[in-house]
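Listed below, chain by chain, are the residues.
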Amino acid sequence: SESVVRFVVSKWLASALAAALPCASLILLLLTWRALGGHLMFAETLVATASQLLYAALVTAIGIAAGAFARNFSQAATAALLIVAASWAIDAADGFSALAWLGGAAAWSPSTYLVPFEQGTLQIDGLAWFAGAVVGLLALACVGCRFDIHGWRKRFAAASAIAALCGICALARSAPDAWDISEAHRH
């Protein structure tokens, strides 16, 4: 069991680091902008960049969990893409009347928690939601990687991990406190 956790976490860390590589080019561009005399509010820029790293951590955790249950790469990729696309559909429901029935699911969309970060607000509930979602997805991946449990036991363990994931994310939404670190203190 400990080796399964170590395996899943190491795969996720490697994937998350690879997904974070585009941020290196972003940092280079920001430093170039600053060297050319442009203005940057460091804290606000850091929070906005961190939001994209949180999203990358979530997407890689989704991929790891999908891969743990799939029989091959194409099944894992398809499942992960469907989950990410579902979050996009929830986001689109806000301005598209044909998807208005998805409006109540906005609390389960990563974008709901990314927007405040992108606007310079550090929100604890957003951090807690992403942390809970990533930990829950990695726990689900650990269940999928266990070869010593089968049948109803594996289904029960997966359902328990999904229930824990949903519970943690729902609880995280009620975390208090947010700090406006935008330069103009807009919020």
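Here's what I pulled together on the structure shown here. (Residues numbered from 1 in each chain as written. Predicted model: local features only at pLDDT ≥ 70, side-chain atom pairs only at ≥ 80, totals over all residues. Heavy atoms only, no water.)

Structural notes on the packing of aromatic side chains
So, step 1. Overall, the coordinates contain two aromatic pairs when judged by the stated rule.
So, step 2. Centre to centre, the rings of Y113 and W129 are 4.6 Å apart; their planes meet at 15°, and the pair counts as stacked. Of this pair, Y113 sits in helix α5 (residues 110–118) while W129 sits in helix α6 (residues 124–145), and the two are 16 residues apart along the sequence.
So, step 3. Seen from their ring centres, W129 and F130 are 5.2 Å apart, and the 85° between their planes marks the pair as edge-to-face. (Phe/Tyr/Trp six-rings, centres within 6.5 Å; stacked < 30°, edge-to-face > 60°. Helix = DSSP H or I, 4+ residues; strand = E, 2+ residues; numbered from the N terminus.)

Digging into the pattern of salt bridges
So, step 1. Applying the stated criterion to the full structure yields two salt bridges.
So, step 2. The closest approach of N and O atoms between R6 and E2, which form a salt bridge, is 3.4 Å. One end of the pair is R6 and the other is E2, both in helix α1 (residues 2–20) and four residues apart, which spans about a single turn.
So, step 3. A salt bridge links R146 to D148; the shortest N-O distance between them is 2.7 Å.
So, step 4. Note on R146: relative accessible area 23%, which makes it partly exposed. (Salt bridge = Lys/Arg side-chain N within 4 Å of Asp/Glu carboxyl O. Buried < 20%, exposed > 50% of the residue type's maximum accessible area, 1.4 Å probe, protein only.)

Let's talk about α6
Within an α-helix, residues lying three or four positions from one another point in the same direction, as the helix has 3.6 residues per turn.
So, step 1. Its 22 residues place the ends of α6 31 Å apart at the C-alpha level, agreeing with the 32 Å of an ideal helix rising 1.5 Å per residue.
So, step 2. Among the 22 residues of α6, 16 are classified as buried, and the element is accordingly described as predominantly covered. (Expected span 1.5 Å × (residues − 1).)

By themselves, these observations are geometric and do not establish any function.
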